[in-house]
Amino acid sequence: MNKSHQSNLIQQRPRRHNCASWLLPLLLLALPAVVQAQFRYVINNGAITITGHNYDYPLPPYPVNMDIPSTINGLPVTSIGDWAFWDIVLTPPPYGNIIYLRDVTIPNTVTNIGNSAFYESIFLDAVTIGNSVTRIGDEAFYGCGGLNRVVFRGNAPSLGTNVFAGDNNATVYYLPGTTGWGPTFGGLPTVLWNLEDQLDYTINNGAITITKYFGPGGAVILPDTINGLPVTSIGDHAFSDSTGLSSVTMGNGITSIGAYVFSGCSNLTSVAVSSRITNIADGSFQYCISLAGVAIPDGVTTVGANAFSGCSSLTDVTIPDGVTTIGGSAFLDCWRLTKITIPNSVTSIGADGFSYCGLTSITIPNSVTSIGSNAFAGCVFRSFTIPNSVASIPDGMLASCQNLTNVTIPDAVTSIGDKAFTYCTSLTSVTIPDSVISIGGSAFLCCWSLISVTIGSGVTSIGASAFEYCYGLTSVRIPGSVTSIEDGAFRDCSSLTNVIIPDSVTNIGTCAFFYCTSLTSVTIPDGVTVIGNSAFNNCTGLASVTIGNNVTTIGDYAFASTGLISVMIPDGVTSIGDWAFQNCTRLTSVTIPSSVTNIGDSAFSYCTSLMGAYFRGNAPSLGGPTVFSGDNHATVYYLPGTTGWGTTFGGRPTELWALPSPLILSSGPNFGVQSNGFGFIISWATNVPVVVEASTNLANPTWSPVATNTLTSGWSYFSDPQWTNYPARFYRLRSS
């Protein structure tokens, strides 16, 4: 091509792109994402001609290996248009980094390669041309100075002018049995391409290891010998990403195959593995998406990590007796694999070993002692029996097995890992044996159909979110061995009507029973010291609660938006958190002990039915001005003799609390041993004289009057200077 002609063509190409631009949006709507990212095309008479590519700025610099598809949206790709890939070399300013075409595979459906299709693709190294190409147009590979290898799978096609002009380093390779070849083709030397010529290899101790295959693909039968030396092994990645490869037969002299040896061979449909192989190495057949079946030889003892992961067409595989280890992700995402037999020799199944397979049933033999995390996640079987040999259910082992309705946990199991059964949405019941000590975080998260659960008497800890979103769970008995109910353990169990918390529990975590809207009553045992933030938040049906005597802290939002009617907070509680009882619209009264020193902001806000807040001690500090915000009917009642009160408290009016009988205030600085004796404040809003009586023996009491106190403003201070004269002295009050 003369330079002036070349210049004219280059100037015309932007106009030709613009003319086609109206068609591009319509085409891209129907394209798969990968094809859409790579190619532009037109349709003529039900066949596709590729007209260009979509590589453009701002891509990072890298070589592009291009497999032209045989079909797009079900239509055959039959032609590569003029100038289709002429401008694949891009030089983004200002750095001169390049994006360049490296290897190209043209499928067997293509019959025509257009004029200047790969014009001046200067970094193009290798081209494999399918067996149906009958014509290659003028200057199709003109000026591809880096081209080394052009492989033809079929007979010699007709050529236009200057097809390979300037490709001074290239050689044409043709296969045995094809016709039309001479010593040169298009000006390039030709070579009959025997299999040995398609292999790189090394020699060690008189034996050959195949290190790289760069042939055109198809059915490959590996030789037993090369140059008289035995072929004994295939190295790491030797055949990886050989997308033209359809089948492989190994000679029985091969004793080992390397890691990822056939990884990414997307058209590999069958493989005959040497009978002398003892190890299926890591990633050996990863992403061989067309591989439907494989026979693993009897001598194999290990199936490596990722060995068959992503083999989405795999339906038939037999694991022979003798295999002891199935590696991590060995069969990950083999979603057409519906059945598999694990022999009694297997002792270990790695993490994600069979996750997201299509397994409808499986039997795990008792030889298995170790199962990795997520080993069977996403499988479709309906029942699963954990073998007696397994002591621990690992994290995520059966996560997202959405068809699972029944699982058997043996007595040997001592722990259930995090997310072990999460999203098993069809699971209806589960029995956790007495041998289990801990239930991991999110262990049964989102088991929406779970109605019944039996927790064994050995469990000491129920993990965070262990039963969260188990909407169908109606009741649960927590055994006396449990000491901790972690954060969110039963959150959003909206059908839960009854729960018995044993005396052994010392911790109720944040959101432990959040949104358990059907829960009507709960007793918090004396062992609990802290009720976590939002522990019972939005339990709208919760009408009554008994709070244990050792609780010291009620967390933020602990009982917000519940159905509580009356609350008696026990002595010992020192702090009530922010919004602790906010929006309890049915709450009419609350009694707050003298031990409370702080009430958080908005703790009782919008308790719109609240009539009385009764304080048994001095006025506590308030976390903000909105403690009783929105409680328009509430009155704050306090005992005579207590301090810190004004005409209002927290924005609500105050009144003396008139009890039916006199009361000894058993807290504060005036209670107990003083310099002049043992004393306390007598509180009674009636101002009626009160008699203090004493006794030395409660088993057989004899009560004697000690003093008569006249109350002023509802209280009086009593002191007994004689108390040291008695081994013990008890006091009571009566009106005079």
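Look a little higher up for the structure.
Let me sum up the structure you'll find in this document.

The rules behind the values
- Residues numbered from 1 in each chain as written.
- Predicted model: local features only at pLDDT ≥ 70, side-chain atom pairs only at ≥ 80, totals over all residues.
- Heavy atoms only, no water.
- Phe/Tyr/Trp six-rings, centres within 6.5 Å; stacked < 30°, edge-to-face > 60°.
- Helix = DSSP H or I, 4+ residues; strand = E, 2+ residues; numbered from the N terminus.
- Buried < 20%, exposed > 50% of the residue type's maximum accessible area, 1.4 Å probe, protein only.
- Core = buried A, V, L, I, M, F, W, Y, C linked by side-chain atoms within 4.5 Å.
- Pairing = 2+ DSSP bridges.
- Patch = residues over 30% accessible without salt bridge, like charges linked within 9 Å, V, L, I, M, F, W, Y side chains within 5 Å.
- Areas by Shrake-Rupley, 256 points an atom, 1.4 Å probe, with all protein chains shown as cover.
- Salt bridge = Lys/Arg side-chain N within 4 Å of Asp/Glu carboxyl O.

Applying the stated rule across the entire model yields 48 aromatic pairs. Ring geometry for tryptophan 193 versus phenylalanine 214: centroids 6.0 Å apart, planes at 35°, classification tilted. One end of the pair, tryptophan 193, is in the loop between strand S14 (188-192) and strand S15 (199-204); the other, phenylalanine 214, is in the loop between strand S16 (207-213) and strand S17 (218-221), and 21 residues separate them in sequence. The buried category is assigned to tryptophan 193, whose relative accessible area is 1%. The exposure class assigned to phenylalanine 214 is partly exposed, which follows from its relative accessible area of 23%.

Another aspect to go through is the nonpolar core. Formed by 147 residues in total, the largest nonpolar core has its most connected members in Phe239, Phe308, Phe331, Phe376, Phe467, Phe559 and Phe604. Of all the elements in the fold, those that place two or more residues in this core are S16, strand S19 (229-234), strand S20 (245-249), strand S34 (429-432), strand S36 (452-455), strand S48 (589-592), strand S50 (612-615) and strand S52 (635-638). Element by element, the count of residues in this core is highest for S16, at three residues. Within the second largest apolar cluster, 37 residues are counted, among which are Val77, Ile113, Ile136 and Val150.

What follows concerns the pairing of S20. In the sheet, S17 pairs with S20 via four bridges, with the strands oriented parallel. Residue pairing across strands places valine 220 opposite valine 248, the latter belonging to S20. With three bridges joining them, S20 and strand S22 (residues 270-272) adopt parallel strand pairing. Bridging across to S22, serine 247 finds its partner in serine 270.

Bringing a nonpolar patch on the surface into the picture now. Residues Tyr423, Trp448 and Tyr471 make up a contiguous nonpolar surface patch of about 290 Å² in total accessible area. Along the chain, tyrosine 471 turns up in the loop between strand S37 (461-462) and strand S38 (475-477).

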